[in-house]
Amino acid sequence: MADDLESFAHDLYQEILNEAHLEGAEMLREEAFTARMIQELTEVGELDDGEVAFFKDRGMRVGGYSLADDGRRLDLIAPIYTQTTSPQTVTRDQVDTAFARLQAFFQRARGELISSLEESTAVFDMVLSIRESKDIEKLRLFLVTDGKTTVKQRPPEIVDGIQVSFHVWDIKRLFRAITSGQQQEAININFLRKYGEPLRCLVVPHEWTDYQAHLAIIPGPVLADIYDEFGTRLL
């Protein structure tokens, strides 16, 4: 497993290097990495496509974005690209800082940030799209990195009436998603922890021994909440 991960990381490094220097489409390596991560996360159903748009200022940093669900959901992406062939450790402080900078960018983008930006740039288009989206209900913040981190989850928050969730994709998670053979990453839900009770099931009577069948009854509000969180990944 460790050797496979090292080989995967090395191949990814070389591919990003090549993509950054494609003739006629040259870009910074970090931009190439972000574009690649948007592509991979779209393929596993985590994103509904997205655009690379880099912006950095005091306390703010963003690498890409995606607007979905008729403007009700905004995804912001923060890359931490170590540019190494062997996965390096990304600390909790680095993860927290990246998320904080994304949140700061979002607040400024809804304000007067656009007045300081040059038109006809990807950043201007991103900020303009955010300003014009008056019905944002969900803000999903993504950290993508070619490093590895022990930070897997962070509790969601409600900020100014908007649901804010945090998503960490490091090299190990990307490796598992790509090599699992599944079109999408598996969805795991702890019903007892999330909803206070287990999912009630009925055992289907059977005479065969190869497998068991169960009939699950999911309350409408619970199903709606799950779909609100995972969207079309449930389909």
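Above this text you will find the structure in question.
To keep things clear, this report deals only with the structure shown in the data block. Here the structure is a predicted model, which is why all the values come from computation and not from measurement. (Residues numbered from 1 in each chain as written. Predicted model: local features only at pLDDT ≥ 70, side-chain atom pairs only at ≥ 80, totals over all residues. Heavy atoms only, no water.)

### Brief notes about the overall build of the protein chain
Applied cut-off: In this text, helices come from DSSP runs of H or I with a minimum length of four residues, and strands from runs of E with a minimum of two, each type numbered from the N-terminal end. Per-residue accessibility, obtained with a 1.4 Å probe over protein chains only, is compared with the maximum for each type, and a residue is labelled buried under 20%, exposed over 50%, and partly exposed between these values. Shrake-Rupley sampling with a 1.4 Å probe provides the accessible areas, and residues are treated as covered by the protein chains on show and by no other component. When charges are counted, Lys and Arg contribute as positive and Asp and Glu as negative, whereas His and the chain ends are disregarded. Charge coordinates come from a single atom per side chain, which is NZ of Lys, CZ of Arg, CG of Asp or CD of Glu.
Each helix and strand in the protein chain was counted, giving 7 helices and 8 strands. In the protein chain, buried positions account for 39% of the 235 residues. A total of about 13800 Å² of accessible surface is found on the protein chain, and carbon and sulfur atoms cover 49% of it. Here the protein chain holds 25 positive side-chain charges and 40 negative ones, and the gap between their average locations is 7 Å.

### Structural notes on a nonpolar patch on the surface
Where we set the bar: Residues enter patches when their relative accessible area tops 30% and they take part in no salt bridge; the joining distance is 9 Å for like charges and 5 Å for the nonpolar side chains Val, Leu, Ile, Met, Phe, Trp and Tyr. In the sections that follow, a salt bridge refers to a side-chain nitrogen of Lys or Arg positioned within 4 Å of a carboxyl oxygen of Asp or Glu.
A surface patch of nonpolar side chains, amounting to about 360 Å² of accessible area, comprises Leu202, Val204, Leu215 and Ile217. If you trace the backbone, valine 204 turns up in the loop between β7 (201-203) and β8 (214-216).

### Remarks on the pairing of strand β6 (residues 162-169)
Here is the key point about a regular strand: its side chains alternate between the two faces of the sheet. To be explicit about the condition: Note: two strands are recorded as paired if DSSP finds a minimum of 2 bridges between them.
Here β6 lies mainly inside the structure; 7 of its 8 residues are buried. Pairing between strand β4 (residues 138-145) and β6: 7 bridges, direction parallel. Opposite lysine 138, over in β6, you have glutamine 163 as the bridge partner. Note that strand β5 (residues 157-159) and β6 share 3 bridges and pair antiparallel. What sits directly across from glutamate 157, in β6, is valine 164.

### So, the pattern of salt bridges
Inspection of every chain in the model, using the stated rule, returns 12 salt bridges. A salt bridge links glutamate 40 to arginine 36, with the shortest nitrogen-to-oxygen separation between them at 2.9 Å. One end of the pair is glutamate 40 and the other is arginine 36, both in helix α2 (residues 29-43) and 4 residues apart, which spans about a single turn. Owing to a relative accessible area of 13%, arginine 36 belongs among the buried residues under this scheme. A cluster of three or more residues bridged by salt bridges with shared partners is formed by Asp48, Asp69, Arg73, Asp75 and Arg140.

### Observations concerning the nonpolar core
The test is simple: To form a nonpolar core, buried Ala, Val, Leu, Ile, Met, Phe, Trp, Tyr and Cys residues must be joined to one another through side-chain atoms within 4.5 Å. Here, two residues are considered to be in contact whenever any of their heavy atoms come within 4.5 Å of each other.
Counting 34 residues, the largest nonpolar core has Leu76 and Phe105 as the members making the most contacts within it. Within the residue set of this core, elements represented by two or more residues are β1 (51-57), β2 (60-68), β3 (73-80), α3 (92-109), α4 (122-132), β4 and β6. Ranked by residues supplied to this core, first place goes to α3 with 7 residues. Setting aside anything within four residues of it in sequence, one finds leucine 76 in contact with Val62, Gly64, Tyr65, Leu102, Phe105, Phe106, Ile130, Leu139, Arg140, Leu141 and Phe142. Listed in part, the 23 residues of the second largest apolar core include Leu12, Ile77, Tyr81 and Leu174.

### Description of the sheet that holds β5
Put simply, the test is: All axes here are fitted lines through C-alpha atoms, helices being fitted over the stretch that makes contact, and every angle between N-to-C directions spans 0 to 180 degrees.
Here 6 strands make up an open sheet; going across it, the order is β1-β2-β3-β4-β6-β5 and the pairing mixed. Looking at which strands have only one partner, the edges of the open sheet turn out to be β1 and β5. Averaged over neighbouring strand pairs, the angle between their axes works out to 30° when direction is ignored. Packing against the sheet, helix α5 (residues 171-179) makes contact with β4 and β6, and its axis sits at approximately 80° to β6.

### With respect to the side chain of serine 66
What counts here: Any pair of N or O atoms that falls within 3.5 Å is considered a polar contact. Within protein, one atom must be able to donate a hydrogen and the other to accept it, and sequence-neighbouring residues count only if both atoms are side-chain atoms.
Its place among the elements puts serine 66 in strand β2. A relative accessible area of 3% places serine 66 in the buried class. A polar contact is formed between the side chain of serine 66 and the backbone oxygen of aspartate 48, at a distance of 3.4 Å. In terms of polar contacts, serine 66 uses its side chain to reach the backbone carbonyl oxygen of aspartate 49, at 3.0 Å. Residues within four places of serine 66 in sequence aside, it is in contact with Asp48, Asp49, Gly50, Arg73, Leu74 and Asp75.

### Let's talk about the packing of helix α1 (residues 2-20) against α5
Test applied: Angles below 35 degrees are treated as roughly parallel, those above 145 as roughly antiparallel, those between 65 and 115 as roughly perpendicular, and all remaining angles as oblique.
Put simply, α1 and α5 touch, their axes get as near as 10 Å, and they point 95° apart. Between α1 and α5, the angle falls in the class roughly perpendicular. On α5, the residues that touch Asp4, Leu5, Phe8, Ala9 and Leu12 of α1 are Ile171, Lys172, Leu174, Phe175 and Ile178.

### Here's the deal with the pairing of β4
With 8 of 8 residues buried, β4 is to be regarded as a mostly interior element. Burial along β4 is two-sided: Lys138, Arg140, Phe142 and Val144 facing one way and Leu139, Leu141, Leu143 and Thr145 facing the other are all buried.

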